[in-house]
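# Descriptive analysis of the structure
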Amino acid sequence: MIDINDFSITFGSGKNQIQAVKNFNLSVAEGESFGLVGESGSGKSTVLRAMVGIYSHWTGTIRIDGQPIAHKRTPASRKHMQMVFQDPYGSLHPRRTVDATLSEPLIIHGMDKREERVLKILGEVGLGPEYRFRYPHQLSGGQRQRVAIARALILEPRVILLDEPTSALDVSVQAEILNLLSALRKAHGLTYVMVSHDLAVVGHLCSRIAVMNRGVVVEEMSEDQMRTGDLKHEYTRQLWTASHGYDRKALAGFKEIA
Amino acid sequence: MNGSFNKEPLREEPMLSVRDLHVRFSTSKGLVHAVRGVSFDLGRERLGIVGESGSGKSQTGRALLRLTAGNGRIEAEKLMFSGMDLMHANARTMRNIRGSRISMIMQDPKYSLNPVLTVGAQIAESCRRHENIPRTEAKKRALSMLDTVHIREPEKVYSLYPHQVSGGMGQRIMIAMMLITNPDVMIADEPTSALDVTVQMQVLSLLDDMVRERGMGLVLISHDLQLVSSFCDRVLVMYGGRIMETLDAKRLDEAQHPYTRGLLNCLPRLDGRHDDLPVLERDPAWLAQPSDASGVFEQ
Amino acid sequence: MSEHTQTSSSVVSWLLADSPHNAFQARCQRAYISWLSFKSNPIAMLGFFIVLFLCLVALFAPLLTSGDGTTQELSNRLAPPSSEHWFGTDELGRDIYDRIVWGSRVTLYIIFLVSIIVMPIGLIIGTTAGLFGGVVDATLMRITDIFLAFPRLILALAFVAVLGPGLENAVLAIALTTWSPYARLARAETLTLRNSEYILAAQIMGASRVRVLLAHIMPMCMSSTIVRLTLDMAGIILTAAGLGFLGLGAQPPLAEWGAMIASGRDYLLDQWWVPTIPGIAILVVSLGFNLLGDGLRDVLDPRSSGGH
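Residues numbered from 1 in each chain as written. Chains lettered and ligands numbered in written order. Predicted model: local features only at pLDDT ≥ 70, side-chain atom pairs only at ≥ 80, totals over all residues. Heavy atoms only, no water.

### A closer look at the interface of chain C and chain A
We apply this condition: Contacts are assigned to residue pairs that have any heavy atoms within 4.5 Å of one another. Accessible-area loss on putting two parts together, using a 1.4 Å probe and summing over both, is the definition of buried area adopted here. The rule for a salt bridge is simple: a side-chain nitrogen of Lys or Arg has to be within 4 Å of a carboxyl oxygen of Asp or Glu. Polar contacts, as counted here, are pairs of nitrogen or oxygen atoms within 3.5 Å of one another; within protein the pair requires one atom able to donate a hydrogen and one able to accept it, and residues that are adjacent in sequence qualify only if both atoms are side-chain atoms. Numbering of helices and strands runs from the N terminus; a helix is a DSSP stretch of H or I covering at least four residues, while a strand is a stretch of E covering at least two.
At the junction of the two partners, chain C supplies 32 residues and chain A supplies 34 residues. In this assembly, chain C packs against chain A so that about 2800 Å² is buried in total across both faces, 57% of it on carbon and sulfur atoms. Its largest share of buried area at the contact with chain A, chain C owes to Glu197(C), Ile204(C) and Met205(C), together 27% of the area lost on that side. Across the chain C-chain A interface, the total number found is 1 salt bridge. Arg211(C) is the salt-bridge partner of Glu104(A), the closest N and O atoms lying 3.0 Å from each other. Scanning the region where chain C abuts chain A turns up 7 residue pairs in polar contact (both at pLDDT 80 or more). Contributions of two or more residues to the side of chain C that touches chain A are made by helix 2 (23-39), helix 9 (197-205), helix 10 (209-245) and helix 13 (302-305) of chain C.

In structure tokens, the structure reads:
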């Protein structure tokens, strides 16, 4: 479904030039969910943003369903890949009702039966019709994230990119959103690419995980490796250990990894 | 529950003693009762306060220093800090206590550091504010403090501005600034949530050292139950402004309260399956119960 | 009576209902809640009532006066305030009260025209420059800078000198010298909005730049523009009065407050009411707009109402 080959992207110029992602390769099958884990500055979100066309100056090839995507995207080409952002407070327009937010993609792509579709999608993300005409400030963080997921789904895409979708939420709300995401994936046969700094969250939703550090994938791991901690790269091991909570003895062995 | 704690000698004399603490805010939508009758003692230990957003955990931390925002009112039967009554202390006494005897670290160092002064100058300034020592002496102490918090090139970092340092470095600098006055109690409100996991561990180990080496009391406020329980000695679990349960951190698995159990169960686990996570059911009856007061040392 | 309270309480419950049933109700609710918070600020309400009073006076001018303020009564020149002439008469024996009342229409006319010229120009230029960036940004902003570089009254004078004196030309001159700070304001806001996640989300959905500009960015810049305009209104009235004072604005015999001060200045010492009364009128209206603007800022500021 998704094939990325030799993807690189550079920001800035001259002395301040930073190569955010180097020779990145990715291959995700249809219906699979793939996780990208890394710390801030590792380039994990940059990959997602390039895929949806926020950045256009990358090199390499990105193929979705066999079709290479152009650097300049046409509206129609965007329809099959949507994104859910991290901050549920920042990703909804504060002056638009839920209805306006959800109807807009339908208007842009000229889709019919708007009211029906909006009500259906609201039901699917677990919000009743009574939420349809509320403004974002009348919703809780979890409800906003549900609206953001509904907005991504309303165009019936095949690929959803998740950029830290639960890291701004309380743990109990995080559990609800994670459950919703896995239920939606099963129901619609969606392909997920999820980015997070939290190994446990990615591990819960994804069957394959790539660990990124400073713009490079250092290791790719399976579910089993994730469970047992049988990992090759030192950075991955550190991340795995740190995700298990505070451990004074293990910390002593941590190194800065360039 | 209380009987399950090992009574170590240093816990006999609490440094900080809180009884029946209430914090109320008057807002345009009416009175908001953020903290409802919280009681606990703090010895020379690592005490965690855990709760979700709106549980009153941060307001509890602020109330200890009487840093509650202008429209809030603090009430407590007792708010004692090593023999001093913080409830009735005047503004001047409070200013002297803040920073020099009780310090506070906030979540994001970006907003806690003055952007137009070098970090070194800020640490030295904080040192001079509490002790009347010459400038060169203050600088020397600031440099050695930067070294204490494991900053590799203290001389270089001393002359950097806050925007030139990374998040983890910034939080270490904040800790250095708070520790230079040698406080008895440190209140850390989500000190590591803005940081990467591995950096998070390093900052925590630093706080750990301070508690061990200096006999400091630490209050760690966080939303992350797993992290707090792996780090602290005792954990207070808060919900709706009340303490639901006081736990020995090592016996987290024995937690009794359904809220604590719910919080633990809804966390995705590294060794877990892809089954649906249990969703936390909140029982309105929890809000009717009085706060759990077993965080208090028996006297 | 009881029926009346019943309907009003059902309207309030409709306005405060937890889940609105349609977009119209949602919008009304939003406005009503803003109004409630505006109402709780007495200073802002004072400003609101001054502006409302100005509008009512202008609307009912024919009912409030006996003439149209141009009738001369040369035998009764420079009469002091009396029961017959509340604010006295001017150097041509015209009733100053009548002229003040009719002058409110001129003032409102100026305000209306300036607003409908300045707001769209400032918003479109500012948001376009901010969103598109690059050459578009540089070009539009240099043009803005040129307009910013001139002192306002002088530039207005130059425009009027070219266009010829008259009320409409004065308004045009004021508008052309006022829009540039609005463009700067809108551009600055657009720059912070441009990278916000909801704008990115709209682009990912396939929204065109024009749609993002009109449907997403402009509504967010609108409130600060309205606030700024309300606060600037005092300055606009004063500039209009200044042009009137210099004889380049409203032409006689049209009653314009600035022109009234100009023609009355010779009598300041002996017949003080002739220039003072229009001066007070300008003062009160300017103050009213300033207070209103301050109150609106608290209500409309996206940082206070839009978010958390």
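### Remarks on the pairing of strand 9 (residues 208-213) of chain A
Residues and elements named next belong to chain A. For the record, the criterion: Only protein chains enter the accessibility calculation, which uses a 1.4 Å probe; a residue whose area is less than 20% of its type maximum is buried, one above 50% is exposed, and one in between is partly exposed. Whether two strands pair depends on DSSP finding at least two bridges between them.
Of all 6 residues in strand 9, 5 are buried; the element is thus mostly enclosed. Here strand 3 (residues 33-38) pairs with strand 9 via 5 bridges, running parallel. Along strand 9, the bridge assignment pairs Gly35 with Ile209. In the sheet, strand 9 pairs with strand 10 (residues 216-222) via 6 bridges, with the strands oriented antiparallel. If you follow Asn213 over to strand 10, its bridge partner there is Val216. The hairpin turn running from strand 9 into strand 10, its antiparallel successor, is 2 residues long, and Arg214 in that turn takes a positive phi close to 50°.

### Examining the arrangement of the chains
For this structure, the chain pair with the highest number of contacts among 2 pairs of chains in contact is chains A and C. Structurally, chain B and chain C remain out of contact, their C-alpha atoms never closer than 9 Å.

### Focus: the environment of Ala285(B)
Following the sequence through the fold, Ala285(B) ends up in helix 11 (residues 285-288). Taking the C-alpha atoms as reference points, Ala285(B) and Leu16(B), separated by 269 residues in sequence, lie 30 Å from one another.

### Here we look at the interface of chain B and chain A
Interfaces are often sized by the accessible area lost when the parts come together. Contacts between the two partners involve 32 residues from chain B and, on the opposite side, 34 residues from chain A. Each partner contributes to the roughly 3100 Å² buried at the junction of chain B and chain A, and carbon and sulfur atoms together form 56% of this total. Where chain B touches chain A, the interface holds 0 salt bridges. Elements with a minimum of two residues in the side of chain B that touches chain A: helix 8 (197-214) and helix 9 (225-231) of chain B.

### Let's talk about the sheet that holds strand 7 (residues 159-163) of chain A
Residues and elements named next belong to chain A. Filter applied, for reference: Fitted lines through C-alpha atoms serve as axes, helices being fitted only where they are in contact, and the angles separating the N-to-C directions of these axes extend from 0 to 180 degrees.
Spatially, 6-7-8-3-9-10 is the arrangement adopted by the 6 strands of the open sheet, whose pairing is mixed. The sheet is open, and its two borders are formed by strand 6 (81-84) and strand 10, each paired with just one other strand. Sheet twist, expressed as the mean angle between neighbouring strand axes with direction ignored, is 20°. Contacts between helix 5 (residues 141-153) and the sheet are confined to strand 6 and strand 7, with strand 6 contributing the most and set at about 175° to the helix. Contacts between helix 6 (residues 171-188) and the sheet are confined to strand 3, strand 7 and strand 8 (191-196), with strand 8 contributing the most and set at about 155° to the helix.

### Quick look at the sheet that holds strand 7 (residues 102-105) of chain B
Residues and elements named next belong to chain B. Spatially, 6 strands are ordered 7-8-9-3-10-11 in an open sheet, and the strand pairing comes out mixed. What marks the edges here is a single partner per strand, and that holds for strand 7 and strand 11 (242-248). Each neighbouring strand pair of the sheet contributes to a mean axis angle of 15°, computed without reference to strand direction. Examined bridge by bridge, strand 8 (residues 185-189) and strand 9 (residues 217-222) share 5 bridges and lie parallel to one another.

### Thoughts on a nonpolar patch on the surface
All names here are of chain C. The line we're drawing: Like charges within 9 Å and nonpolar side chains (Val, Leu, Ile, Met, Phe, Trp, Tyr) within 5 Å are joined into patches, using only residues over 30% in relative accessible area that form no salt bridge. Here the open area of atoms and residues is found with the Shrake-Rupley method and a 1.4 Å probe, where only the protein chains shown may cover a residue.
Nonpolar side chains collect at one region of the surface, where Phe49, Leu52, Leu56, Leu59, Phe60, Leu63 and Leu64 lie side by side and expose about 680 Å² of accessible area between them. Secondary-structure elements contributing two or more residues to the nonpolar patch are helix 3 (42-59) and helix 4 (61-64). At 4 residues, helix 3 tops the list of elements feeding residues into the nonpolar patch. With respect to the element layout, Phe49 can be found in helix 3. We classify Phe49 as partly exposed; its relative accessible area is 47%.

### Considering the nonpolar core
Put simply, the test is: We call a set of buried residues a nonpolar core when its members are Ala, Val, Leu, Ile, Met, Phe, Trp, Tyr or Cys and they connect through side-chain atoms within 4.5 Å of each other.
In this structure, Leu102(A), Ile149(A), Ile173(B), Ile175(B) and Met186(B) are the most contacted members of the largest nonpolar core, which totals 118 residues. With 9 residues, the top contributor of residues to this core is helix 8 of chain B. The residues contacting Ile175(B), other than those within four sequence positions of it, are Ile105(B), Val149(B), Met186(B), Val203(B), Leu206(B) and Leu207(B). Core analysis: the second largest hydrophobic core is formed by 52 residues, Ile100(C), Ala129(C), Ala170(C) and Ala173(C) among them.

### Section: the pattern of salt bridges
The full count for this structure, using the stated rule, is 34 salt bridges over all chains. For Asp224(A), the salt bridge is made with Arg227(A), and the minimal N-O distance between the two is 3.4 Å. Placement of the pair is Asp224(A) and Arg227(A) together in helix 8 (residues 223-228), with a separation of 3 residues, close to one helical turn. Overlapping salt bridges, with partners in common, bring together Arg46(B), Asp208(B), Arg212(B) and Asp233(B) in one network.

### Comments concerning the packing of aromatic side chains
Our working rule: Note on ring pairs: Phe, Tyr and Trp rings are taken, using the six-membered ring of Trp, and paired if centres are within 6.5 Å. Classes follow the plane angle, with under 30 degrees stacked, over 60 edge-to-face and the rest tilted.
The full count for this structure, using the stated rule, is 15 aromatic pairs over all chains. Consider the rings of Phe7(A) and Trp58(A), whose centres lie 6.0 Å apart with planes at 35°: the pair is tilted. You can see Phe7(A) sitting in strand 1 (residues 2-11) and its partner Trp58(A) sitting in the loop between helix 1 (44-51) and strand 4 (59-64), a full 51 residues away along the chain. With respect to class, Phe7(A) is no different from Trp58(A); both count as buried. Geometrically, the ring pair formed by Trp35(C) and Phe38(C) is stacked, given 6.1 Å between the ring centres and 25° between the ring planes. You can see Trp35(C) and its partner Phe38(C) sitting in helix 2, 3 residues apart, about one turn around the helix. Residue Trp35(C) is classed as partly exposed on the basis of its relative accessible area of 32%. Each member of the aromatic cluster is reached from another via a ring pair, and the members are Trp35(C), Phe38(C), Phe48(C) and Phe49(C).

### Describing unusual backbone geometry
Residue and element names in this part refer to chain A. Residue Asn23 is not a glycine yet carries a positive backbone phi of 45°. As for its placement among the helices and strands, Asn23 is situated in strand 2 (residues 18-28). The phi dihedral of Lys113 is positive, around 50°, even though this residue is not glycine. Positionally, Lys113 belongs in the loop between helix 3 (98-108) and helix 4 (114-124).

### Side note on the state of the cysteines
The condition that has to hold: Note on disulfides: each one is a pair of cysteine sulfur atoms within 2.5 Å.
Taken as a whole and judged by the stated rule, the model has 0 disulfides over all chains. Cys206(A) takes part in no disulfide bond, and the closest cysteine sulfur to it belongs to Cys266(B), at a distance of 19 Å. For Cys206(A), a relative accessible area of 1% puts it in the buried group. The exposure class assigned to Cys266(B) is buried, which follows from its relative accessible area of 0%.

### Things to note about the confidence of the model for chain B
Where we set the bar: For every residue, the predictor assigns a confidence score, pLDDT, that lies between 0 and 100.
With 94% of its residues at a pLDDT of 70 or more, chain B has an overall mean of 84. Per-residue pLDDT stays below 50 along residues 1-11 of chain B; that stretch engages in 22 contacts with residues further than four places along the chain or on separate chains.

### Things to note about the packing of helix 7 (residues 152-163) of chain C against helix 8 (residues 167-194) of chain C
Residues and elements named next belong to chain C. Note the threshold: Note on angle classes: values under 35 degrees are labelled roughly parallel, values over 145 roughly antiparallel, values of 65 to 115 roughly perpendicular, and the remainder oblique. Crossing handedness follows the turn of the near helix against the far one: under a right angle anticlockwise gives a left-handed crossing, and clockwise gives a right-handed one. Only Asp, Glu, Lys and Arg are considered charged, only Ala, Val, Leu, Ile, Met, Phe, Trp, Tyr, Cys and Pro nonpolar, and every remaining residue, Gly among them, polar.
Across the interface, helix 7 lies against helix 8 with an axial gap of 9 Å and an inter-helix angle of 140°. Classified by the angle between their axes, helix 7 and helix 8 sit oblique to one another. In the packing of helix 7 onto helix 8, the handedness of the crossing is right-handed. Taken together, the residues of helix 8 that come into contact with helix 7 (itself represented by Arg152, Leu155, Ala156, Phe159, Val160 and Leu163) are Asn169, Ala170, Leu172, Ala173, Leu176, Thr177 and Thr178. Considering only residue class, the contact of helix 7 with helix 8 consists of 9 nonpolar, 3 polar and 1 charged.

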